[in-house]
Amino acid sequence: MSDILSELTKILEARKNAADADSSYVASLHQKGLNKILEKVGEECTETIIAAKDAAASGDNAELIGETADLWFHSLVMLSHLGENADSVLAELGRRFNVSGHDEKASRTSH
């Protein structure tokens, strides 16, 4: 895992388990529960899609990068809340190397 993802994983876990919800955004999300975290993931997903459409029209990707960072961050909070982290996602991406995207998708839909 990248140094940034490793460090962020440590911070998310520390704030999930020990931080005060009044002083930590991550702790406040965990305190509010999974539904609130999922709401944030959905919101950031929508904002990322809109930013991509805007970037395609303008040629400026700055907002898209910011929104994608927000989406990734909230996805990592979601994973943390469910006892996972970026390592699990990276392992899954690694598993998919040298597998046709069509074959990989077919293997998921045939279950």
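Residues numbered from 1 in each chain as written. Predicted model: local features only at pLDDT ≥ 70, side-chain atom pairs only at ≥ 80, totals over all residues. Heavy atoms only, no water.

Asker: Would you mind showing me how to read the environment of His 30 here?
Answerer: Position of His 30 among the secondary structure elements: in helix 2 (residues 25-32). Each C-alpha atom of the pair His 30 and Asp 20 lies 11 Å from the other, and the pair is 10 residues apart in sequence. A distance of 2.8 Å separates polar atoms of two side chains, one belonging to His 30 and the other to His 81. (Helix = DSSP H or I, 4+ residues; strand = E, 2+ residues; numbered from the N terminus. Polar contact = N/O pair within 3.5 Å; in protein donor to acceptor, adjacent residues only side chain to side chain.)

Asker: Is there a simple way to explain the layout of surface pockets in this structure?
Answerer: The gaps of empty space that remain are located by a probe, the size of a water molecule, rolled over the atoms. The calculated volume of the largest pocket comes to roughly 230 Å³. Leu 5, Trp 72, Ser 75, Leu 76, Leu 79, Ala 86, Val 89, Leu 90 and Leu 93 together form the lining of the largest pocket. For the lining of the largest pocket, the elements supplying multiple residues, two or more each, are helix 4 (62-81) and helix 5 (86-95). Within the lining of the largest pocket, the residues separate by chemical class into 8 nonpolar, 1 polar and no charged. (1 Å grid on protein atoms, 1.4 Å probe; cavity = no way out; pocket = protein on both sides within 12 Å on 5 of 7 lines; lining within 4 Å. Points joined across faces, edges and corners; volume = space filled by probe spheres on them. Nonpolar A, V, L, I, M, F, W, Y, C, P; charged D, E, K, R; others polar.)

Asker: Looking at this structure, I do not really get empty space enclosed by the protein. What am I missing?
Answerer: For the coordinates displayed, the defined rule picks out 1 cavity of 30 Å³ or more. Its volume calculated, the largest cavity comes out at about 50 Å³. Forming the walls of the largest cavity are Thr 9, Leu 12, Glu 13, Leu 76, Leu 79, Ser 80, Glu 84, Asn 85 and Ala 86. Counting residues per element, the ones that place at least two in the lining of the largest cavity are helix 1 (3-18) and helix 4. Each residue belonging to the lining of the largest cavity can be placed in one class, and the counts come to 4 nonpolar, 3 polar and 2 charged.

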